[in-house]
Amino acid sequence: MKNHYLTILSLASLAVLAGCASNGNNQNAQNDTEQQSAQYVDDGIDWEKPLYSLDKMGDTSTVYQYNASGKLVKVSFYSDNSEESYSTYYYDAAGNDTSCVSFFVDESQELPCGGFSKKFDSQNRVIAYEMNGESESESSTYRYEGNKKITESESYSEEIYKDVIETYFDADGNDTLEIDKSQLVRRADETEPDYTVKPDIYTTRSTYVTINGKKVLKSSITNKETKDGQKFVSFKKDNEYDQYGRLTKSICVSDYGDGDPTRTSTYTYSYDGNCKIEDNGYKTYYAKK
């Protein structure tokens, strides 16, 4: 996601959950051996509800606003202590996030720069998604087959990608297996799309651990098979948590298959009261319960 508002779209989007049976027994057995706390300890902070963020200079970078029901309704981004852009969110009677509209703020003018819309079925599962940005757009449909969600999407910018994604969930609604068949159907220097190109295939497996009464992502690994038959690990993430189940470290290893060495990035987080502190000096304050 290239723009602020695109980042916050993914932040506020609701996950669509089902159950995973294809590898559920093995996965649940593994998760059961990873239970790390027998008793829940409440630290009094709602870590799912950020209020505002400060950059490393101590200036406001992001402000979050909620309605009376606790739903996120506005996220504002700041630069030099002035609002630079913002996104507003809308919900239906069931609480589903049906749309978002984003704006740039320029000398008191508000210039629309994109947003998204969603459709839901009677079970409050998303079945369609449309995103329009300043330089890119995306259209997706979703269907469900028991424990599996099938996503068909097409994204447009200078290039066009078509993806068909099968996502499997465990009994707790966590995505344990994702298979993404991704086609680059038009390059930037081409005029007509070619939907017959062989796709790259990304297979991602995720494992979870229960800490302080909640299940959190322990690790994920993505294997890539290119249309030319090359196979390699393209991405790997390992997470560490404290006794409250708060993320303290992420180690991410990426390989883009371009012949360059793999790239390893480590992110660390600490906590002070209701404040989450990133290793780059950014601080985010969360609501108290």
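For clarity, every value in this text was computed on a predicted model and none was experimentally measured. (Residues numbered from 1 in each chain as written. Predicted model: local features only at pLDDT ≥ 70, side-chain atom pairs only at ≥ 80, totals over all residues. Heavy atoms only, no water.)

### Describing the overall build of the protein chain
Argument step 1. The helix and strand tally for the protein chain stands at 2 helices and 18 strands.
Argument step 2. The buried share of the protein chain, taken over its 289 residues, is 37%.
Argument step 3. In the protein chain, of all internal contacts separated by at least 6 residues, the share reaching a separation of at least 24 is 34%.
Argument step 4. When the accessible surface of the protein chain is totalled, it reaches about 16,300 Å², and 45% of it is carbon and sulfur. (Helix = DSSP H or I, 4+ residues; strand = E, 2+ residues; numbered from the N terminus. Buried < 20%, exposed > 50% of the residue type's maximum accessible area, 1.4 Å probe, protein only. Contact = heavy atoms within 4.5 Å. Areas by Shrake-Rupley, 256 points an atom, 1.4 Å probe, with all protein chains shown as cover.)

### Structural notes on the confidence of the model for the protein chain
Argument step 1. Considering every residue of the protein chain, the mean pLDDT works out to 88; 87% of them sit at 70 or more.
Argument step 2. A low-confidence stretch, residues 1-37 stays under pLDDT 50, and its non-local contacts, those more than four residues away or across chains, total 89 contacts. (pLDDT = per-residue confidence, 0-100.)

### A closer look at the side chain of Asp255
Argument step 1. Looking at the secondary structure, you find Asp255 in the loop between β15 (247-254) and β16 (263-272).
Argument step 2. Buried and unpaired, Asp255 has Arg263 as its nearest opposite-charge partner, separated by 5.5 Å.
Argument step 3. A polar contact of 2.9 Å, which involves the side chain of Asp255, links it to the backbone nitrogen of Gly257.
Argument step 4. Those residues in contact with Asp255, other than ones at most four positions away along the chain, are Phe232, Val233, Ser234, Asp260 and Thr262. (Lys, Arg positive; Asp, Glu negative; His and termini not counted. Salt bridge = Lys/Arg side-chain N within 4 Å of Asp/Glu carboxyl O. Polar contact = N/O pair within 3.5 Å; in protein donor to acceptor, adjacent residues only side chain to side chain.)

### Some remarks on the environment of Gly70
Argument step 1. Its place among the elements puts Gly70 in the loop between β2 (60-66) and β3 (72-79).
Argument step 2. Exposure remark for Gly70: the relative accessible area of 33% places this residue in the partly exposed category.

### Describing the packing of aromatic side chains
Argument step 1. Within the structure shown, the criterion is met by 6 aromatic pairs.
Argument step 2. Between the aromatic rings of Tyr52 and Tyr285, the centroid separation amounts to 4.9 Å while the plane-to-plane angle is 20°, which identifies the pairing as stacked. With Tyr52 in strand β1 (residues 45-54) and Tyr285 in strand β18 (residues 283-288), this residue pair connects regions lying 233 residues apart in the sequence.
Argument step 3. Of the residues examined, Tyr52 reaches a relative accessible area of 33% and is grouped as partly exposed.
Argument step 4. Where Tyr86 meets Phe103, the ring centres are 5.2 Å apart and the plane angle is 25°; that geometry is what we call stacked. Remark: Phe103 occurs in strand β5 (residues 97-106) and Tyr86 occurs in strand β4 (residues 82-91); sequence separation between them is 17 residues.
Argument step 5. Given the relative accessible area of 8%, Tyr86 is considered buried.
Argument step 6. In this structure Phe103 comes out as buried when scored by relative accessible area, which is 19%.
Argument step 7. Aromatic ring contacts, followed pair by pair, group Trp47, Tyr271 and Tyr286 into a single cluster.
Argument step 8. Over the ring of Tyr271 we find Arg246, and its NZ or CZ is 4.3 Å from the ring centre.
Argument step 9. Note that Lys276 overlies the ring of Tyr269, its terminal NZ or CZ placed 4.6 Å from the centroid. (Phe/Tyr/Trp six-rings, centres within 6.5 Å; stacked < 30°, edge-to-face > 60°. Lys NZ or Arg CZ within 6 Å of the ring centre and 35° of its normal.)

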